[in-house]
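The lines below spell out each chain.
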Amino acid sequence: METITESLLRSLDPPHPKYNNGDTSSFAHKSASERWPIIITQVVDDLYRAVQNLDPSETPKIDEGKRIIESISKLKYDETHDRALEALQEDGRADIAQYNDELETLKHPTWFNVPWLFSECYLYRRIYLHMSRSQHWKSYDYFFRSKDSSFKSSGKAVEELAVRYKNLVQDLEGHSYDKMADQAKKLLFEEMSQISLWGNATDLSLLTNLSYEDMQKLQGAEAIKASQKNVLANDIDAVWNGVMKDLRHGRVDIVLDNAGFELFADLVFATYLLETQHCETIVLHPKDFAWFVSDVTPRDVAHLFACMSDEDYFTDVRNREALQFMTERWMEHYSEGRIIIRPNAFWTTAHPYTRLPTLAPTLLATLQESDLVIFKGDLNFRKLVGDAAWPTTTPFSTAIGDLAGKDVRVLAFRTCKADVCVGLPRGRAEQLDAEHGALTWRTNGKFAVVSFHDGKLRRDS
Ligand code: F6P
Ligand code: MG
């Protein structure tokens, strides 16, 4: 395993400063000062509830749970009082050494004088460490309850998409997809991509800002159409013309983001690719453990399938038949190996993907086998471009650094929820600043980018 040194990181990271929690004008600062304490409190509350629900005879588990609650409360104190980030203790996983090496290169920073991306990943890793080092709480997901209750409340949007999906599959069975006009195929691709893109707008970690009504609006089909104008940089034509149009029986990888409705939307998109036979295989990349509040773990995938076939799960759904149709279809794709779930420890490191070719060569080799790798959501985008203060006009291909020359087709579906943005035409950022306020358009989740780099294109031919 590669040792993390300052000079290695300098050679792989962007040539611009990284967003830092210490910059009081940044969303990084807002996030560290306002949102993280709330998130840590949610973890404590959830654990408290879990401990309360245990049978009093489970003393060792109860006692251990109480100790974990105490340590996580101390973490909140340390974070809000700008204490130093402690070295992580070993739990047998290889990423700990790299987290600690990077802490060394950062010269033992405090919470408000540290790069945002590194410290945020460190925060979620440190919370998980309490479980991985425990005896009785190893597989406990303290975000599961909130992921589940949010999915439960998206019944209407789920139903709407399930009906759309059933109609689509039946249409495809009635008419040959191959005979459809190219323009119609392209429209369908755009529509399905939009579903997957805006599925990300319901990120649970933003719920402290977004109202339930906002969520419903973002999830509805009307909003999907209307919000096309909010895609600030849109490479979807290049993806269609350069890859999808002629792709038959190919493979698409999706580096997942959030569970619940977003995962549901991603599965709609993924299975559309299978139904039309553009793809024969879809590889899904979830996280190994509870991450950034709402991210998908393998258990969340299984849970989604279970909810879809549970008659009592969504209380407001009328067209159960559409949901049933969809679930059976998905289960078939899954059990026949066309949908594959492939976790990898790299996704829960703090590394930006500019370091991926050097630090995760085996993962790189897997991604190279794919016809297209889609990175979902904001965090994946921040990692792709190193969460650095790039000028907003920087081409996406430049910002992804070392990953650009590595024979991988990289497509980001990202709704904007952080400071960084690239790929915009000259003058656009200034216009958005004037219209919406500098931080607002970058972080409120109402704007998006669809950014593509074709790493398989031979630039010399
Ligand atoms: O809004 C801040 C934040 O927590 C970021 O840290 C992170 O990039 C994002 O939200 C998570 O969003 P997503 O689920 O789209 O990656
Ligand atoms: Mg997420």
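Everything that follows concerns the structure shown earlier in this document.
On a predicted model such as this, the values are computed, not experimentally measured, just so you know.

Calculation criteria
- Starting afresh in each chain, residues are numbered from 1 along the sequence in its written order.
- Think of it this way: whatever chain is written first is A, whatever ligand is written first is 1, and the rest follow in order.
- Only residues with pLDDT of 70 or above have their local features reported here, since the model is predicted, and side-chain atom pairs are shown and tallied only from 80 upward, although totals for entire chains, interfaces and linings are computed over all residues.
- Note: side-chain values were computed over all heavy atoms of the structure, leaving out hydrogens and water.
- Numbered from the N terminus, helices here are DSSP runs of H or I no shorter than four residues, and strands are runs of E no shorter than two.
- Computation of the radius of gyration draws on C-alpha atoms, with the globule rule given as 2.2 Å multiplied by the number of residues to the power 0.38.
- Only protein chains enter the accessibility calculation, which uses a 1.4 Å probe; a residue whose area is less than 20% of its type maximum is buried, one above 50% is exposed, and one in between is partly exposed.
- Each salt bridge in this description consists of a side-chain nitrogen of Lys or Arg and a carboxyl oxygen of Asp or Glu lying within 4 Å of one another.
- Here the aromatic set is Phe, Tyr and Trp, taking the six-membered ring for Trp, and pairing holds for ring centres within 6.5 Å; pairs whose planes are under 30 degrees apart are stacked, those over 60 apart are edge-to-face, and all others are tilted.
- Note on geometry: a ring has a charge over it if NZ (lysine) or CZ (arginine) is within 6 Å of the ring centre and within 35 degrees of the ring normal.
- Throughout, the protein atoms alone are placed on a 1 Å grid, and a set of points is a cavity if a 1.4 Å probe fits but cannot get out or a pocket if it is open with protein on both sides within 12 Å along at least five of seven lines; lining residues have an atom within 4 Å of a point.
- Grid points are joined across faces, edges and corners, and a volume is the space filled by probe spheres set on the points.
- Put simply, Ala, Val, Leu, Ile, Met, Phe, Trp, Tyr, Cys and Pro go in the nonpolar bin, Asp, Glu, Lys and Arg in the charged bin, and everything else, Gly too, in the polar bin.
- Structural elements are reduced to axes, namely lines fitted to C-alpha atoms, with helices fitted over the stretch in contact, and the angle between N-to-C directions of any two is expressed from 0 to 180 degrees.
- For classification purposes, an angle smaller than 35 degrees is called roughly parallel, one larger than 145 roughly antiparallel, one from 65 to 115 roughly perpendicular, and anything else oblique.
- Crossing handedness: left-handed means the near helix sits turned counterclockwise from the far one by under a right angle, and right-handed means the same turn made clockwise.
- In this analysis, two residues are considered to be in contact whenever any of their non-hydrogen atoms come within 4.5 Å of each other.
- Under the rule applied, a polar contact is a pair of N or O atoms within 3.5 Å (in protein, one hydrogen donor and one hydrogen acceptor; residues adjacent in sequence only if both atoms are side-chain atoms).
- Pairs of strands are assigned from DSSP output, requiring at least two bridges between the strands.
- Whether a residue is near a molecule or strand depends on its heavy atoms: it is near if one of them lies within 4 Å of it.
- The nonpolar core is taken to be a set of buried Ala, Val, Leu, Ile, Met, Phe, Trp, Tyr and Cys residues, with the residues joined through side-chain atoms within 4.5 Å.

Trainee: How should the overall build of the protein be read in this particular structure?
Mentor: Scanning the protein from N- to C-terminus turns up 20 helices and 7 strands. Relative to the 2.2 N^0.38 estimate, which gives 23 Å for 461 residues, the radius of gyration of the protein is 22 Å and therefore close to what a compact globule would have. Principal-axis analysis of the C-alpha atoms places the extent of the protein at approximately 65 × 60 × 45 Å. Every one of the 461 residues in the protein was classed for burial, and the buried ones make up 58%.

Trainee: What exactly am I supposed to notice about the pattern of salt bridges here?
Mentor: As a working rule, side chains carrying opposite charge can pair if their charged atoms are close by. Tallied over the full model, the rule gives 34 salt bridges. In this structure, Lys-107 and Glu-6 form a salt bridge, with 3.1 Å as the shortest nitrogen-oxygen distance. Taken as a pair, Lys-107 in the loop between α4 (95–105) and α5 (116–132) and Glu-6 in helix α1 (residues 6–12) lie far apart in primary sequence, 101 residues in all. The exposed category is assigned to Lys-107, whose relative accessible area is 54%. Bridged by salt links that share partners, the residues Asp-13, Lys-18, Glu-102 and Arg-355 form one connected network.

Trainee: How do you make sense of the packing of aromatic side chains when you look at a structure like this?
Mentor: Here the distance between the centres and the angle between the planes together describe a pair of aromatic rings. In total, this model carries 31 aromatic pairs according to the counting rule given. Through successive ring pairs, a cluster of aromatic residues spans Tyr-124, Tyr-128, Tyr-142, Phe-143, Phe-289, Trp-291 and Phe-292. Over the ring of Trp-137 we find Lys-61; its NZ or CZ atom is 4.7 Å from the centre of that ring. Across from the ring centre of Tyr-177, 5.0 Å away, lies the NZ or CZ of Lys-185, which sits over that ring.

Trainee: Would you explain the layout of surface pockets in this entry?
Mentor: To find leftover empty space, a probe the size of one water molecule is rolled over the atoms. Size it by volume and the largest pocket reaches roughly 340 Å³. In terms of lining residues, the largest pocket is bounded by 15 residues, among which Ser-71, Gln-89, Leu-129, His-130 and Arg-133 are the most central. Taken together, the elements giving at least two residues each to the lining of the largest pocket come down to α3 (59–80) and α5. Per-element tally for the lining of the largest pocket: the top contributor is α3, with 6 residues. For the lining of the largest pocket, the residue count by class is 5 nonpolar, 4 polar and 6 charged.

Trainee: Explain the packing of helix α7 (residues 155–174) against helix α8 (residues 182–199) here, please?
Mentor: Each packed pair of helices is defined by two parameters, the angle between the axes and the distance between the axes. Between α7 and α8, whose axes approach to 13 Å, the crossing angle comes to 155°. Taken together, the axis directions place α7 and α8 in an arrangement best described as roughly antiparallel. When the axes of α7 and α8 are compared, the crossing they make is left-handed. For the pair α7 and α8, contact is made by Leu-161, Arg-164 and Leu-168 and by Leu-188, Glu-191, Met-192 and Ile-195, respectively. Across the contact of α7 with α8, the residue classes break down as 5 nonpolar, no polar and 2 charged.

Trainee: Which parts of the structure should I look at to understand the side chain of Ser-154?
Mentor: Looking at where Ser-154 falls in the secondary structure, it is placed in the loop between α6 (144–152) and α7. A relative accessible area of 1% means that Ser-154 is categorised as buried. At 2.7 Å, the side chain of Ser-154 and the backbone oxygen of Phe-151 are in polar contact.

Trainee: What's the story with the sheet that holds strand β5 (residues 372–376) in this structure? I'm lost.
Mentor: Within a sheet, neighbouring strands are paired by backbone hydrogen bonds and run either parallel or antiparallel to one another. A sheet is described by the order of its strands in space; here 7 strands give the open sequence β1-β7-β6-β5-β2-β3-β4, paired in mixed fashion. The open sheet has two free edges, formed respectively by β1 (231–234) and β4 (339–341), since each of these has just one partner strand. Shown here is a sheet whose adjacent strand axes are inclined to one another by a mean of 15°, direction ignored. Relative to strand β7 (residues 448–454), β1 runs parallel, the two being bridged by 3 bridges. The partner of Ala-233 across the bridge, within β7, is Val-449.

Trainee: Whenever I open this one, the site of ligand 1 confuses me. Can you help?
Mentor: The local shell around ligand 1 holds 16 residues, among which Glu-120, Asp-378, Leu-379, Arg-382 and Lys-417 are the closest. The side chain of Lys-417 places a nitrogen or oxygen atom 2.8 Å from an oxygen atom of ligand 1. Ranked by residue count, the leading element in the shell around ligand 1 is helix α17 (residues 377–384), at 4 residues.

Trainee: Sorry, what's going on with the nonpolar core here?
Mentor: One broad rule of soluble globular proteins: the nonpolar side chains tend to lie buried together. Membership of the largest hydrophobic core comes to 89 residues, with the highest contact counts inside it found for Ile-72, Trp-347, Leu-356, Leu-384, Val-385 and Phe-396. Filtering out sequence-adjacent residues up to four positions away, Trp-347 remains in contact with Val-255, His-285, Pro-286, Lys-287, Trp-291, Tyr-353, Leu-356, Leu-363, Leu-367, Phe-375 and Lys-383. Residues Met-244, Ala-265, Val-301 and Tyr-313 belong to the second largest nonpolar core, which totals 64 residues.

Trainee: Would you mind showing me how to read the packing of helix α12 (residues 261–275) against helix α13 (residues 298–308) here?
Mentor: It is the contact of α12 with α13, at a shortest axis distance of 11 Å, that shows an interaxial angle of 80°. By the angle between their directions, the pair α12 and α13 is classed as roughly perpendicular. Packed against α12, whose contacting residues are Leu-263, Phe-264 and Leu-267, the element α13 presents Asp-300, Val-301, Leu-304 and Met-308 at the interface. Considered class by class, the residues forming the contact of α12 with α13 number 6 nonpolar, no polar and 1 charged.

Trainee: Sorry, what's going on with the pairing of β5 here?
Mentor: For a regular strand, side-chain orientation follows a simple rule: the groups alternate between the two sheet faces. Burial analysis of β5 places 5 of its 5 residues in the buried class, which makes it a mostly covered element. What you see with β5 is no split at all: Leu-372, Ile-374 and Lys-376 on one side and Val-373 and Phe-375 on the other are buried throughout. By the bridge criterion, 4 bridges tie strand β2 (residues 250–255) to β5 in an arrangement that is parallel. Looking at β5, one finds that Val-252 is bridged to Leu-372. As paired strands, β5 and strand β6 (residues 409–415) are joined by 4 bridges and run parallel to one another. Bridge assignment links Lys-376 to a residue of β6, and that residue is Phe-413.

Read these as spatial facts, not as claims about activity.
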